[in-house]
Amino acid sequence: MDQGDLDFDSNIRQGRKGSVVAEQYVQGARIPKDGGAPPDDPPSNEELAKAVQHKVAAAVEMSRKYRHVGWYSAFVAAYMVVLWCQARSYKSGEVVQTLKQAFMPGGATTMTFQTENDVIDYLGNNILLPIWTDPVCGDGQCDYPWEFPSWGNFGCKADCGENPNVTSIVVNVRADFTNHPTITPRVLMTNAVWNLCLQDLARRQRGEADLCWYDSDQTFSEYQINAINSMSVIDGTWYVVVKGDYAGRVYGSIYDVTNSSNPLSIPTTPTWEACKLTRRTSLSATQLAARRLLQAYTQAHRVGGQEGDRILKEAVNNIRSMPELKHLKLGPLPPQDAHDSSKSSV
């Protein structure tokens with residue numbers, strides 16, 4: 001054995017860095033496939049362990065997948081067995097016969113349509129409309145939630161009876177559309193409407209609007225109004241709807257009149273009040289001074305001469321004496337000769 005063989009054999013048993021494969025080549029237990037010399041760099045024991053670990057992990061994962069497939073197949077088979085046990089042959093026949101009569105009336109086996117609209121019309125008139133019908137009040141069957149015990153103008157009394165849990169209330173609606181500084185009372189009155197509605201989350205989830213006491217929002221016919229509206233409502237969250245009241249002139253209050261001799265005020269959140277418009281009763285000092293000065297200048301220009309100067313001086317002195325304008329520093333008027341000279345040069 002030469003020196004290379006000795007070096008190769010010394011690296012056989014070195015733990016993770018050693019190679020069992022190299023030892024097998026040396027002992028003759030492993031022979032290369034092509035019959036040649038052993039590889040110069042055989043895999044180490046660590047590389048062999050990692051390869052075996054990957055193989056085992058792949059085998060475990062494949063076994064898990066096979067188990068899932070087996071359990072799913074068993075579930076599907078059990079489900080089909082349950083369906084078969086629950087089904088009745090004559091019931092299945094009735095269902096099939098009903099579908100045949102709905103889709104193919106008169107025992108026909110084929111149908112011909114000219115356009116796509118003919119297909120849609122056929123499905124709507126022969127299948128959808130006869131099967132999915134709206135509840136009819138008075139048929140003896142209370143179809144909840146579309147039908148419910150009646151209260152006020154709502155519900156179906158014939159099928160569901162009458163709701164005993166109602167409260168009598170009075171809605172006092174007041175409005176004053178007059179005395180707006182820029183908008184006429186008629187414009188404010190014609191745009192404002194109101195209503196009383198019940199917040200119903202179930203109806204909203206079904207895509208329906210909240211129930212309101214009036215079918216259409218109530219309008220106003222007078223510039224100043226104080227109206228009393230009696231209602232009988234069920235328990236719930238009610239809210240007042242006011243639209244188009246741009247100036248905030250509609251306000252009111254609600255009372256529980258179950259005991260008519262002692263009405264109880266029902267608070268609203270926020271408080272149903274009118275917007276308070278602050279009216280300016282007098283002109284500001286600056287505006288008053290500007291008006292006086294403009295009037296004096298117009299009068300002085302019309303009179304001219306010394307009399308015009310006197311009018312201007314008097315107006316300026318009056319403005320200077322106003323307590324509200326003491327913070328303004330008005331300069332002295334030009335001397336008389338300056339006015340005269342400028343006037344003569346023109």
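As the structure is a computational prediction, the values presented were derived from the model and not from experiment.

Rules used throughout
Residues numbered from 1 in each chain as written. Predicted model: local features only at pLDDT ≥ 70, side-chain atom pairs only at ≥ 80, totals over all residues. Heavy atoms only, no water. Helix = DSSP H or I, 4+ residues; strand = E, 2+ residues; numbered from the N terminus. Buried < 20%, exposed > 50% of the residue type's maximum accessible area, 1.4 Å probe, protein only. Contact = heavy atoms within 4.5 Å. Areas by Shrake-Rupley, 256 points an atom, 1.4 Å probe, with all protein chains shown as cover. pLDDT = per-residue confidence, 0-100. Pairing = 2+ DSSP bridges. Salt bridge = Lys/Arg side-chain N within 4 Å of Asp/Glu carboxyl O. Axes fitted to C-alpha atoms, helices over the stretch in contact; angles between N-to-C directions. Parallel < 35°, antiparallel > 145°, perpendicular 65-115°, else oblique. Nonpolar A, V, L, I, M, F, W, Y, C, P; charged D, E, K, R; others polar. Core = buried A, V, L, I, M, F, W, Y, C linked by side-chain atoms within 4.5 Å. Patch = residues over 30% accessible without salt bridge, like charges linked within 9 Å, V, L, I, M, F, W, Y side chains within 5 Å. Polar contact = N/O pair within 3.5 Å; in protein donor to acceptor, adjacent residues only side chain to side chain.

Scanning the chain for helices and strands turns up eleven helices and seven strands. Considering the chain as a whole, with its 346 residues, one finds that 22% of them fall into the buried category. Nonlocal contacts in the chain, meaning residues at least 24 apart in sequence, comprise 57% of its contacts between residues at least 6 apart. Carbon and sulfur atoms make up 55% of the accessible area of the chain, which amounts to about 25800 Å² in all.

The next point concerns the confidence of the model for the chain. Segments scoring low in pLDDT should not have their predicted coordinates read at a detailed level. Scored by pLDDT, the chain comes out at a mean of 81, with 84% of its residues at no less than 70. The low-confidence segment residues 336–346 (pLDDT under 50) makes six contacts with residues lying over four places distant or belonging to another chain.

Across a sheet, paired strands are connected by hydrogen bonds in the backbone, their directions being either parallel or antiparallel. Strand order in the open sheet formed by three strands is β3-β2-β5, and the pairing between neighbours is antiparallel. Only two strands of the sheet have a single neighbouring strand rather than two, namely β3 (211–212) and β5 (237–243).

Counting across every chain of the model gives eight salt bridges. A salt bridge links Arg64 to Glu61, with the shortest nitrogen-to-oxygen separation between them at 2.3 Å. Remark: Glu61 and Arg64 occur in helix α3 (residues 45–86); sequence separation between them is three residues, near one turn of the helix. With a relative accessible area of 32%, Arg64 lands in the partly exposed category. We classify Glu61 as partly exposed; its relative accessible area is 32%.

Our focus in this paragraph is the packing of helix α9 (residues 285–303) against helix α10 (residues 305–320). Their axes nearest at 7 Å, the elements α9 and α10 cross at an angle of 170°. Comparing their axes, α10 and α9 come out roughly antiparallel. The segment α9 lies against α10, with Ala289, Leu293, Ala296, Tyr297, Gln299, Ala300 and Val303 engaging Gly305, Glu307, Gly308, Ile311, Leu312, Ala315, Val316 and Ile319. Here the residues of the contact of α9 with α10 sort into eleven nonpolar, three polar and one charged.

What follows is about the nonpolar core. Grouped together as the largest cluster of nonpolar side chains are 26 residues, with contacts concentrated most on Trp151, Val171, Phe177, Phe220, Met231 and Val250. Those elements giving two or more residues to this core turn out to be β1 (166–176), α7 (185–191), β2 (193–199), β4 (224–234) and β6 (250–256). Among the elements that line this core, the one with the most residues is β1, at four residues. What Val171 contacts, discounting residues up to four positions off in sequence, is Trp194, Leu196, Ala227, Ile228, Asn229, Met231, Ser253, Ile254 and Trp272.

Another aspect to go through is a nonpolar patch on the surface. Taken together, the side chains of Tyr72, Phe75, Val76, Tyr79, Met80 and Leu83 make up a nonpolar region of the molecular surface, amounting to roughly 640 Å² of accessible area. By the secondary structure assignment, Val76 is in helix α3.

Overall, antiparallel pairing links the four strands, which are arranged β4-β1-β6-β7 in an open sheet. The open sheet has two edge strands with one neighbour each: β4 and β7 (264–266). Taken over all neighbouring pairs, the strand axes of this sheet differ in orientation by 30° on average, direction set aside. As paired elements, β1 and β6 share seven bridges and run antiparallel to each other. Bridge pairing in β6 links Asn172 to Ser253.

Secondary-structure assignment places Asp210 in the loop between α8 (201–205) and β3. Separated by 2.8 Å, the side chains of Asp210 and Tyr239 make a polar contact. Look past the residues within four positions of Asp210 in its chain and what remains in contact with it is Leu198, Gln199, Asp200, Arg203, Arg204 and Tyr239.

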